[in-house]
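Coordinate analysis (summary)
Each chain is listed here by its residues.
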Amino acid sequence: MNTEQATPVRVVLADDEAMIRAGVRAILATDPGIEVVGEAGDGRAAVELVRAHRPRVALLDIRMPKLDGLSAAAEIRRLVPETATVMLTTFGEDDHVARALGHRASGFLLKAGDPRELVAGVHAVADGGAYLSPRVARRVIELGGGRMARRPAARDRLAGLTEREREVLGLVGAGLSNAEIGRRLHLVEGTVKSYLTSIFTRLDVRNRVQAAILAYEAGLVEPPG
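About the cut-offs
- Residues numbered from 1 in each chain as written.
- Predicted model: local features only at pLDDT ≥ 70, side-chain atom pairs only at ≥ 80, totals over all residues.
- Heavy atoms only, no water.
- Helix = DSSP H or I, 4+ residues; strand = E, 2+ residues; numbered from the N terminus.
- Expected span 1.5 Å × (residues − 1).
- Buried < 20%, exposed > 50% of the residue type's maximum accessible area, 1.4 Å probe, protein only.
- Contact = heavy atoms within 4.5 Å.
- Pairing = 2+ DSSP bridges.
- Salt bridge = Lys/Arg side-chain N within 4 Å of Asp/Glu carboxyl O.

As for helix H5 (residues 115-126)
With 12 residues, H5 should cover 16 Å at 1.5 Å per step; its first-to-last C-alpha distance of 17 Å lies within 8% of that length. Counting buried positions along H5 gives 10 out of 12 residues, so the element sits mostly inside the fold. Listed in full, the buried residues belonging to H5 are Glu117, Leu118, Val119, Ala120, Gly121, Val122, His123, Ala124, Val125 and Ala126. One or two positions beyond H5, positive phi appears at Gly128, with a value near 95°.

So this is what it looks like as structure tokens:
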């Protein structure tokens with residue numbers, strides 16, 4: 001988590017349940033490097049807030065009235081492409097998660113997950129990366145037919161990676177940002193970005209979310225039980 005930014009990460013939060021918004025806002029308020037600049041109770045209002053405030057990150061509930069989170073995210077990407085979108089989800093929304101994986105959301109977080117994941121996810125996407133809650137990753141893999149069944153194919157895809165690239169990929173799967181990976185492996189952040197470019201090309205994945213799922217499938221990182 002990068003808390004050393006010159007200015008706080010500005011966030012717009014959207015959820016149709018006021019209690020959920022209050023809880024998420026309270027968690028984010030524990031980090032001085034994050035500032036919630038707007039709240040919305042529906043997807044259409046969320047889009048308008050993002051247009052007005054142009055935050056670095058938009059946290060969007062998947063199910064909202066007037067405009068659902070996925071549609072709101074698509075509108076935000078079209079109108080304010082510099083704002084990263086992160087979807088808030090629950091385990092009861094498997095079909096929505098599956099749809100969301102086909103979109104270019106920068107992250108997926110559980111409403112009832114570890115508060116530290118919420119803060120880490122906001123910083124990760126603000127740094128230009130993506131974040132996948134480990135428990136969401138596990139569920140996605142289960143929906144895809146089971147991790148053990150997919151492991152041989154995943155390991156075959158990783159066969160062309162160097163040992164260092166495998167280390168970097170494992171840390172991506174664990175949810176670390178580029179800065180955190182650099183500190184862990186004693187690398188400058190630019191070198192981490194170069195490794196990620198190579199990893200994405202070799203594995204034919206578009207972003208960190210897809211890379212993280214592959215890391216779980218290959219057994220490089222274990223999701224919590």
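After that view of the structure, there is still more to cover.
Concerning unusual backbone geometry
Unusually for a residue other than glycine, Arg54 sits at a positive phi of about 45°. When you line up the elements, Arg54 lands in the loop between helix H2 (43-53) and strand S3 (57-61). On the accessibility criterion, Arg54 (44% relative accessible area) is partly exposed. We note that Asp204 has phi near 60°; this positive angle belongs to a residue other than glycine. Judged by its relative accessible area of 67%, Asp204 is exposed.

A word on the environment of Arg202
In this fold, Arg202 is placed in helix H10 (residues 189-203). Exposure remark for Arg202: the relative accessible area of 46% places this residue in the partly exposed category. Considering only alpha carbons, one finds Arg202 and Arg157, 45 residues apart in sequence, at a separation of 8.3 Å. Setting aside residues no more than four positions away along its own chain, Arg202 makes contact with Gly160, Leu161, Thr162 and Glu165.

Considering the sheet that holds strand S1 (residues 9-14)
Strands pair in a sheet through their backbones, by hydrogen bonds, and they do so in one of two ways: parallel or antiparallel. What the six strands build is an open sheet, ordered S2-S1-S3-S4-S5-S6; its pairing is parallel. This sheet does not close on itself; its edge strands, each paired only once, are strand S2 (34-40) and strand S6 (131-132). Pairing of S1 with S3 involves four bridges; the strand directions are parallel. Its bridge partner being in S3, Ala14 is matched across the sheet by Leu60.

Side note on the pattern of salt bridges
For the structure shown, the criterion picks out 11 salt bridges. The salt bridge partner of Lys66 is Asp42, with a shortest N-O separation of 4.0 Å. Here Lys66 is found in the loop between S3 and helix H3 (69-79), whereas its partner Asp42 is found in the loop between S2 and H2, with 24 residues between them in sequence. Under the relative-accessibility criterion, Lys66 is labelled exposed at 73%.

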